[in-house]
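So the chains spell out like this:
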Amino acid sequence: MSIKSKLSRWIDRALRMPTCEEIEALAYDFLEKNLDAKTEKRMLRHFKLCPPCMRFIEAYRRTRKAGRGLPAPKLDPAFQEHLMRMFRKD
Ligand SMILES: [Zn+2]
């Protein structure tokens, strides 16, 4: 395991940050403000450290504004690639 991924695991545990996968799963509730304050804070912390997730939530927000009631947008290829890289590390 690389030092970088060890470090990011440690940070995740220390801050009890959601994983990128959880961010994706929680995106809808996050934008609907259905999450409790703690979870919301953890997501915001994740966004600060993870630009691909930040871009994902921004794209999600824009799509929702453009057309309420539309299903979730297709994953941005860069974000998908980011997720794949995370999984491959394990
Ligand atoms: Zn992420």
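Use the structure listed above.
Below: a short report on this structure. Only a predicted model underlies this, so the values are computations on that prediction, with no experimental measurement involved.

### Structural notes on the coordination of the zinc ion
Protein coordination of the zinc ion is provided by Cys-20 (SG), His-46 (NE2), Cys-50 (SG) and Cys-53 (SG), with donor distances spanning 2.1 to 2.3 Å. The coordination sphere of the zinc ion comprises 4 donor atoms, whose angles at the metal cover 101 to 114 degrees; the geometry is tetrahedral. Each donor residue of the zinc ion belongs to the same chain, with the gaps between them written as C-x25-H-x3-C-x2-C. Each member of the pair His-46 and Cys-50 is classed as buried.

### Describing the nonpolar core
Counting 15 residues, the largest nonpolar core has Phe-30, Met-43, Phe-47, Cys-53 and Ile-57 as its most contacted members. Among the elements of the structure, α2 (20-31), α3 (37-49), α4 (51-66) and α5 (77-89) are those that each provide at least two residues to this core. Counting residues per element, this core draws most heavily on α2, which supplies 5 residues. For Met-43, the contacting residues outside a window of four places in its chain are Pro-18, Ile-23, Leu-26, Ala-27, Phe-30 and Leu-35.

### What to know about the packing of aromatic side chains
The full count for this structure, using the stated rule, is 3 aromatic pairs. Both rings, one in Phe-56 and one in Phe-79, keep their centres 4.6 Å apart while their planes meet at 10 degrees; by these two values the pair is stacked. Highlighted residues: Phe-56 in helix α4 and Phe-79 in helix α5, separated in sequence by 23 residues. You'll find Phe-56 and Phe-79 in the same group, each marked buried. Grouping aromatic residues by their ring pairs yields a cluster made of Phe-56, Tyr-60 and Phe-79.

Thresholds, definitions, all that
Residues numbered from 1 in each chain as written. Predicted model: local features only at pLDDT ≥ 70, side-chain atom pairs only at ≥ 80, totals over all residues. Heavy atoms only, no water. Donors = N, O, S within 2.8 Å, 3.2 Å for Na, K, Ca; no water. Tetrahedral: all angles 85-135°; square planar, octahedral: opposite > 155°, others 65-115°. Buried < 20%, exposed > 50% of the residue type's maximum accessible area, 1.4 Å probe, protein only. Core = buried A, V, L, I, M, F, W, Y, C linked by side-chain atoms within 4.5 Å. Helix = DSSP H or I, 4+ residues; strand = E, 2+ residues; numbered from the N terminus. Contact = heavy atoms within 4.5 Å. Phe/Tyr/Trp six-rings, centres within 6.5 Å; stacked < 30°, edge-to-face > 60°.

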